Amino acid sequence: MELLGPGTPIPILIVALLASLAMLGWGADKLVDGASALALALGVRPFVIGLSCVAFGTSAPELATALFAIGRASADTVGPAQLALGNVIGSNVWNLGLILGVAAVMQPIPVERETVRREIPLLLLLSLLLAFCVEFHELGRGPGILLLAGFGVFCGLLAWSWRQPKTEGEAAALDVDELRGMSQSKAIGLLVLGLVILVISAETLVRSAVTLASGLGVGEELLGLTVIALGTSLPELATTVAAARKGGQDLAFGNLIGSNIFNIALVVGLPATLFTWPLGPDRMEADLLVMLGISIFVAVMATWQRRLSRLVGVLLLTTHFVYIGSLIVLEIRSP
């Protein structure tokens, strides 16, 4: 019997799924620590580390999951591909619905002018591009290259941000003083350890999730939108709450916007460029509309008020729980 394949008892699959999600989060945390400490040792500003290393590290679980899922998928077995696409869409909804909502309820979030002018429009453009590609085309090399080009633009924006000074809240959220004391050899060791853990746990996650979905009779896309998306969004949740508690609300908002850009541009763009991303009959149009709707709402509030109030946080949380509840109800009612 194949390890975590058909015939594996469901309790074992559930344990493997939960364990792999926990290891994904732990590996991403070590990856962030190692990359951040190494960047500090090389003289990179903490502001840029927050927008790059942290955003990449919190999106690393989605990227590892997508690469293994698409690598296992084919035209006849679209389950892993649906799982990966659902994970990306679901993670973006969890980031802006639940996590940003929690952060705004904790304390209103100021929005920097540069974020309104640069990162938010880029996120909206990439979200529309993803929705268009999924609705009308197969996610292949062409769309993948376009998404990676968007990632290149984001990297250019990060490079421009090198001139920006760090804030006190940002430094606290990143534990800069602790990271500065780490040796380069330890930083590299943590970086490599985090990558290895991500690779192993991502493969375990995909195998157990696809087999579990088949055993329970639920769609891979639903599992990706809910359980997997929540699990791979836990690093964003931990980072955002820590930043908000330490006065880095602007960093918390920037990390979530950056993470969603990473999820679309890199997590979808890279696998689509390397492999053909097959799409099943369920292209998750409603879920894409929810992702677009929440992104547009956040963009409008950030542009109009230049801050995200507690009321906005409550509205985001309400929308998120209504959406997740509707997914569960629809699954229960489906034959």
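Residues numbered from 1 in each chain as written. Predicted model: local features only at pLDDT ≥ 70, side-chain atom pairs only at ≥ 80, totals over all residues. Heavy atoms only, no water.

A. Spotlight on the packing of aromatic side chains. Following the criterion strictly, the structure yields 2 aromatic pairs and no others. Seen in terms of ring centroids, Phe151 and Phe262 are 5.3 Å apart; in terms of plane orientation they differ by 75 degrees. Their pairing is edge-to-face. Here Phe151 is found in helix H5 (residues 141–160), whereas its partner Phe262 is found in helix H10 (residues 249–274), with 111 residues between them in sequence. Its relative accessible area of 17% is what places Phe151 among the buried residues. Judged by its relative accessible area of 3%, Phe262 is buried. An angle of 85 degrees between the planes, with centres 5.5 Å apart, marks the rings of Phe154 and Phe262 as edge-to-face. Of this pair, Phe154 sits in helix H5 while Phe262 sits in helix H10, and the two are 108 residues apart along the sequence. Residue classification places Phe154 among the buried positions, given a relative accessible area of 1%. Within the aromatic cluster, the residues linked to one another by ring pairs are Phe151, Phe154 and Phe262. (Phe/Tyr/Trp six-rings, centres within 6.5 Å; stacked < 30°, edge-to-face > 60°. Helix = DSSP H or I, 4+ residues; strand = E, 2+ residues; numbered from the N terminus. Buried < 20%, exposed > 50% of the residue type's maximum accessible area, 1.4 Å probe, protein only.)

B. Summary view of the nonpolar core. Core analysis: the biggest nonpolar cluster contains 85 residues, and Leu100, Leu139, Phe253, Trp277 and Leu308 have the highest contact counts within it. Excluding residues within four positions of it along the chain, Leu100 makes contact with Asn95, Ile109, Phe253, Leu256, Val298, Leu308 and Leu316. (Core = buried A, V, L, I, M, F, W, Y, C linked by side-chain atoms within 4.5 Å. Contact = heavy atoms within 4.5 Å.)

C. Spatial organisation of unusual backbone geometry. Positioned with a positive phi, Arg306 is a non-glycine residue whose angle comes to about 60 degrees. With respect to the element layout, Arg306 can be found in the loop between helix H11 (285–305) and strand E2 (307–308).

D. Examining the pattern of salt bridges more closely. Summed over the entire model, instances satisfying the criterion amount to 1 salt bridge. For the salt bridge of Arg118 with Glu119, the shortest nitrogen-to-oxygen distance reads 3.9 Å. Owing to a relative accessible area of 17%, Arg118 belongs among the buried residues under this scheme. With a relative accessible area of 6%, Glu119 lands in the buried category. (Salt bridge = Lys/Arg side-chain N within 4 Å of Asp/Glu carboxyl O.)

E. Seen up close, the environment of Ala104. Structurally, Ala104 is set in helix H3 (residues 79–106). In this structure the C-alpha to C-alpha distance between Ala104 and Leu311, which are 207 residues apart in sequence, comes to 8.2 Å. Contact partners of Ala104, with chain neighbours within four places excluded, come to Ile109, Leu308, Ser309, Arg310 and Gly313.

F. Main features of the packing of helix H4 (residues 113–136) against H11. Remark: H4 packs on H11, axes separated minimally by 10 Å, with the N-to-C direction vectors making an angle of 165 degrees. Classified by the angle between their axes, H4 and H11 sit roughly antiparallel to one another. Judged by the sense of rotation from one axis to the other, the crossing of H4 with H11 is left-handed. Contact residues: H4 offers Val116, Ile120, Leu124, Ser127, Leu128, Leu130, Ala131, Val134 and Glu135, while H11 offers Glu285, Leu288, Met291, Leu292, Ser295, Ile296, Ala299, Ala302 and Thr303. (Axes fitted to C-alpha atoms, helices over the stretch in contact; angles between N-to-C directions. Parallel < 35°, antiparallel > 145°, perpendicular 65-115°, else oblique. Left-handed = near helix turned anticlockwise from the far one by under 90°.)

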